[in-house]
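Observations on chain architecture
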Amino acid sequence: MKKLAIFGGALLMLAACDSAPEGYTINGSIRGEVANGTAVYLKALGENSQPVDIDTATVENGKFVFTGKADVPEMHYLFFDKLGGNSALIIENGEIEWSGQKDSLNVAKIEGTEQNAIFSDYLDKFKGISGRAQSIQEDMQKANASRDEATLTALRDEMMELQEEYKNFDLNYIKEHRNALISTLLIERAMGSRALPSSDIQNMYDSLTPDMKNTKAAKRILEQLKVVREREENAKSTDIGATAPEFSAPTPEGKETSLSEVKGKLTLIDFWAAWCKPCRAENPNIVKVYEKYHDKGFNVLGVSLDRKAEDWKKAIADDGLVWNHVSNLAYFNDAIAKLYNVDAIPAAFLLDENGVIIAKGLRGKALEDKVAEVLN
């Protein structure tokens, strides 16, 4: 009898496992005068964060339905034909209940699945902070109008406390919700904004549950972490005091030239491009310094981030840049730019006779002063 009970319990456990939903259903309900046949678009973000169509449904008597299968939870958006705005929701297997009003799609109610419940909780708490901030601002305006300094001081203190709470809100939410897609997306956003060091991003990623690490957002975080670490390592190799990394690339004549071949007593590696207006504005200054100090050992190696050879060559001629030049014509994908951690131009590195970086980012009078200091 005992064995039978155990066997029966095992069957119940198997049945529970088998009951996990194999797909998702979005049961939508929209209020307001929305005509039958109105198209509803389910979209996800593709490359460059542009919405990509996933599925289409139509409204009938204020209702619409989407069905499908989600391998992992992922943020999606509902768009309605001829209606402004959209509604964010998380697609995951299960019954998702969506209900909204046509004039305020961004505050729709989403229920039925775990990730959407957490997402809604996050939005509610975030809106709570925003609402409190708005209320304090309104009270401050009233206190200011009535010249109530005591109240105004108290409200300013309250606002400062709220700003501190706002600053830490996302970080605390991530810590408290390790199995939430919204936490993964918040980590990705922090990664993109460079608001936190990569070590903090790595720690937050490590805290996520295995299910969340399997999401597309988490995989994007890992890819971005790899890029950032490479950038950080490259930055170390191009710090002041470091020996400038060696490189070679094609000249305008199609030959190959390396840094070591053109290095002088003092060498400026100048990252620029024909399309870069600040670069072109700085060129006359570099020409002046080059003409004044080249005979004393000052060399320049221009590294162009142009895409087209004709643009590059024309700019060299137009600006009278008589020094050495190289380019892979690869824009910011240029291997030399990545080696030197250059993600904006103009960018410049000044090397001594041993190839050691002694200054970075010098422009205008600062460049001439440094060259004069070394060579005079």
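Residues numbered from 1 in each chain as written. Predicted model: local features only at pLDDT ≥ 70, side-chain atom pairs only at ≥ 80, totals over all residues. Heavy atoms only, no water.

Digging into helix α2 (residues 114-145)
Counted only if it meets this: Helix and strand assignments come from DSSP, with helices taken as H or I runs of at least 4 residues and strands as E runs of at least 2, each series counted from the N terminus. Residue count minus one, scaled by 1.5 Å, sets the expected span of a helix. Buried residues are those whose accessible area, probed at 1.4 Å on protein chains only, stays under 20% of the maximum for their type, while exposed residues exceed 50% and partly exposed ones sit between those limits.
Taking 1.5 Å per residue as the helical rise, α2 with its 32 residues ought to reach 46 Å, and the 47 Å between its terminal C-alpha atoms agrees with that figure. Among all positions of α2, only Gln115, Asn116, Ile118, Phe119, Ser120, Tyr122, Ile129, Ala133, Ile136 and Ala143 are buried. A positive backbone phi angle near 55 degrees is found at arginine 147, which sits one or two residues after α2.

Description of the sheet that holds strand β5 (residues 74-80)
In a beta sheet, neighbouring strands pair by backbone hydrogen bonds and run either parallel or antiparallel. Spelled out, the test is: When DSSP finds two or more bridges between two strands, those strands count as paired. Helix axes use the C-alpha atoms of the stretch in contact, all axes being lines fitted to C-alpha atoms, and the angles between their N-to-C directions lie in the range 0 to 180 degrees.
The strand order across the open sheet built from four strands is β3-β2-β5-β6, with neighbouring strands paired in antiparallel fashion. Strand pairing shows two members of the sheet lacking a second neighbour, β3 (51-58) and β6 (87-91), which therefore form its edges. For this sheet, the mean inter-axis angle between neighbouring strands, taken without regard to orientation, is 30 degrees. Bridge analysis of β5 against β6 gives five bridges, and the strand direction is antiparallel. Bridge assignment links leucine 78 to a residue of β6, and that residue is serine 87.

Comments concerning the sheet that holds strand β1 (residues 24-31)
The strand order across the open sheet formed by four strands is β4-β1-β7-β8, and the pairing between neighbours is mixed. Of all strands in the sheet, those bounded by a partner on one side alone are β4 (63-68) and β8 (109-111). Each neighbouring strand pair of the sheet contributes to a mean axis angle of 15 degrees, computed without reference to strand direction. In the sheet, β1 pairs with β4 via six bridges, with the strands oriented antiparallel. From the neighbouring strand, isoleucine 26 faces β4, where its bridge partner is phenylalanine 66.

Description of the nonpolar core
Threshold: Side-chain atoms within 4.5 Å are what join buried Ala, Val, Leu, Ile, Met, Phe, Trp, Tyr and Cys residues into a set we call a nonpolar core. When checking whether two residues touch, look at their non-hydrogen atoms; a contact exists if any pair is within 4.5 Å.
In terms of nonpolar packing, the biggest core is built from 47 residues, with Phe247, Ile269, Phe271, Phe298 and Tyr340 touching the most fellow members. For this core, the element with the most residues is helix α9 (residues 277-293), which contributes six residues. For tyrosine 340, the residues in contact, after removing those within four places along its chain, are Thr238, Ala244, Pro245, Phe247, Leu259, Ile269, Phe271 and Phe349. Listed in part, the 32 residues of the second largest apolar core include Leu152, Met159, Ile182 and Tyr205.

Digging into a negative patch on the surface
Inclusion rule: Only residues whose relative accessible area exceeds 30% and that take part in no salt bridge are eligible for patches, with like-charged residues grouped when within 9 Å of each other and nonpolar side chains (Val, Leu, Ile, Met, Phe, Trp, Tyr) grouped when within 5 Å. Calculation of accessible area relied on Shrake-Rupley with a 1.4 Å probe; when residues are assessed, cover is drawn exclusively from the protein chains displayed. Just to be clear on terms, a salt bridge is a Lys or Arg side-chain nitrogen sitting within 4 Å of an Asp or Glu carboxyl oxygen. When charges are tallied, Lys and Arg are placed among the positive residues and Asp and Glu among the negative ones, while His and the ends of the chain are skipped. The atoms used to mark charge sites are NZ of Lys, CZ of Arg, CG of Asp and CD of Glu.
Among the surface-exposed residues, Glu138, Asp139, Asp157, Glu158 and Glu161 lie close enough to one another that they form a single negatively charged patch. Taken together, the elements giving at least two residues each to the negative patch come down to α2 and α3 (149-176). Looking at the negative patch element by element, the count peaks at three residues for α3. Locating aspartate 139 in the fold gives a position in helix α2.

Brief notes about the packing of helix α5 (residues 198-207) against helix α7 (residues 216-237)
The cut-off we apply is this: Here is the rule for angles: anything less than 35 degrees is roughly parallel, anything more than 145 is roughly antiparallel, 65 through 115 is roughly perpendicular, and the remaining ranges are oblique. Should the near helix be turned anticlockwise from the far one by less than a right angle, the crossing is left-handed, and should it be turned clockwise, the crossing is right-handed.
It is the contact of α5 with α7, at a shortest axis distance of 10 Å, that shows an interaxial angle of 155 degrees. As far as their axial angle goes, α7 and α5 are roughly antiparallel. Between α5 and α7 the crossing geometry is left-handed. Here Ser198, Ile201, Gln202 and Tyr205 of α5 lie close against α7, whose contacting residues are Ala218, Ile221, Leu222, Leu225, Val228, Arg229 and Glu232.

Description of unusual backbone geometry
For the bond from isoleucine 345 to proline 346, the omega torsion is 5 degrees, close enough to zero to count as cis. Along the chain, proline 346 falls in the loop between α11 (335-339) and β14 (347-351). The backbone of lysine 82 shows a phi angle near 70 degrees, a positive value even though the residue is not glycine. Relative to the helices and strands, lysine 82 is located in the loop between β5 and β6. Classification of lysine 82 as exposed rests on a relative accessible area of 81%. If you check the backbone angles, asparagine 341 has positive phi at about 60 degrees while not being a glycine. Mapped onto the elements, asparagine 341 comes out in the loop between α11 and β14.

All we've got here are geometric facts, nothing functional implied.
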